[in-house]
Amino acid sequence: MELFKCLFSVVVVALLACDATAQNYWSTPLQEHQAPLPTQQQPNVPPAAAPLEKCQVEQGDKIQCGTPDTTAELCENLNCCFEGSHCYYGNAVTVQCTRDGQFVVVVGRDATVPKIDVESVSLLEMNDPPCNPVDFTSAFAIFQFPVTGCGTTFKDEESYVVYENHMSSSYEVGVGPRGSITRDSHFELLFQCRYSNAGVEALVMDVTGVPPPVPVAAAGPLRVQLRLGNGQCLTKGCVEEKSAYSSFYNQADYPITKVLREPVYVEVNILERSDPNIFLNLEHCWATSSPTPESMPQWDLLIDGCPNQDDRYLTTMVPVDGSSGLSYPTHHKRFIVKMFTFVDQSDFSPQRDTVFIHCSVEVCYPSSTYACEQSCHRQRRAVAAGRKVPSNRKALVSSGEVILTKQRP
């Protein structure tokens, strides 16, 4: 596994700060210091109310925003969260600009789904010590640096003087023989300080998503279907992986959306057969970024019915037995994949936000020499690989489209 840089869109509400001197504009933990933040805001920009989940920060992770006497109204204007008598940074990315020419950027680990490793966040210009984070907690990375340093670009824009910089995170990439993927959040934050005679303004640029393509499904000559579970665990004590297979997406639901590392519950089953002695076996399951099973790139999920050992997040096989409530448990196979996205083979930048799952399967008739039950032990796999299976007992089946999204649906 290797680390690479890439892009991600983060929505941040603008913060305004004026009439301050160069000093720390934050303090950690909340109770220790009394570091002042600017108290004057640009009057023509109304504050935005903080979403409830943004302000759900663990007490030990809270970082003071402003001075200890910051009021609730001023705290909201600073795009921070207020509880009791304390103003603190929320689970987001907050950008501040000061009158004396400082960027203050606070990155929360909950700004992305899945959570970002805040220690992987950095400015693109990292040669100077002032460009490194000035502090870390388990939940936040804190940057403070001059608007004239750390690779900041400068331009004149009508009545403004604009300083612009950006930062990004590192992420792990799994490299396979026919494709590469990642399950880590990946993002770039582009932000500006705009100075004029009227005040200081902080802006953040946002990247828009890709529109969803049409749903596609494929089938083989053998009547087999591949479907994705959508059941929910709603009662106390229920088992999530069992509840997930209690209902399934239908054709009208596609394309469906998932976030990185969110479980995708896959079931493959034989249709229109009532022989209790036959078994459905999965030969090979893989993912592509387009509906064509032979297209590139590809990522192996199951090889000879067993999880791809080169995948850090191993595919999980879900046993299907008599307790499942199915009439013919041996006609079904189930497995769980953690959602990922394809990356470019040359520079490992995010390439595709869509995933299709394909499986080549066989119907197996047990005999005195072969019991049909798949095992992932090396000796059993070698025996299975050498068997000849008639084409009329084989099939290729595909899922509908699964789209990577930045937010939970």
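In case you missed it, the structure is sitting above this.
Let me begin by describing the structure that accompanies this report. Everything numeric in this text was worked out from a predicted model, so none of it was measured.

Quick word on the pattern of salt bridges
Item 1. Going through the model one piece at a time under the given rule, you end up with ten salt bridges.
Item 2. Salt-bridge contacts for aspartate 300 lead to arginine 178; the nearest nitrogen and oxygen are separated by 2.6 Å. In this pair, aspartate 300 is assigned in strand 20 (residues 298–303) and arginine 178 in the loop between strand 12 (160–175) and strand 13 (180–182), connecting sequence segments 122 residues apart.
Item 3. Residue aspartate 300 is classed as buried on the basis of its relative accessible area, which comes to 10%.
Item 4. Arginine 178 gets classed as partly exposed once you look at its relative accessible area, which sits at 29%.
Item 5. Salt-bridge contacts for glutamate 262 lead to lysine 258; the nearest nitrogen and oxygen are separated by 3.9 Å. There is no split in this pair, since glutamate 262 and lysine 258 are both buried.
Item 6. A single network of salt bridges, built from pairs that share partners, joins Arg227, Glu267 and Arg334.

Some remarks on the nonpolar core
Item 1. With 33 residues, the main nonpolar core has Val268, Leu301, Phe335 and Phe340 as its most contacted residues.
Item 2. Of all the elements in the fold, those that place two or more residues in this core are strand 16 (224–228), strand 18 (263–270), strand 19 (279–288), strand 20, strand 23 (332–338), strand 26 (354–364), strand 27 (394–398) and strand 28 (402–404).
Item 3. Here phenylalanine 340 is in contact with Ile181, Thr182, Arg183, Leu260, Ala287, Trp299, Leu301 and Val355, once residues within four sequence places are set aside.
Item 4. In terms of nonpolar packing, the next biggest core, distinct from the first, is built from 24 residues, Val95, Leu123, Ala141 and Cys193 among them.

Observations regarding the state of the cysteines
Item 1. The full count for this structure, using the stated rule, is eight disulfides.
Item 2. One disulfide in the model links cysteine 306 with cysteine 376; its S-S distance is 2.1 Å. Since a negative S-S torsion denotes a left-handed disulfide, the cysteine 306-cysteine 376 link at about -110° is left-handed. With a gap of 70 residues between them, cysteine 306 in strand 21 (residues 306–307) and cysteine 376 in the loop between strand 26 and helix 3 (378–385) connect regions that are remote in the sequence.

About the cut-offs
Residues numbered from 1 in each chain as written. Predicted model: local features only at pLDDT ≥ 70, side-chain atom pairs only at ≥ 80, totals over all residues. Heavy atoms only, no water. Salt bridge = Lys/Arg side-chain N within 4 Å of Asp/Glu carboxyl O. Helix = DSSP H or I, 4+ residues; strand = E, 2+ residues; numbered from the N terminus. Buried < 20%, exposed > 50% of the residue type's maximum accessible area, 1.4 Å probe, protein only. Core = buried A, V, L, I, M, F, W, Y, C linked by side-chain atoms within 4.5 Å. Contact = heavy atoms within 4.5 Å. Disulfide = S-S within 2.5 Å.

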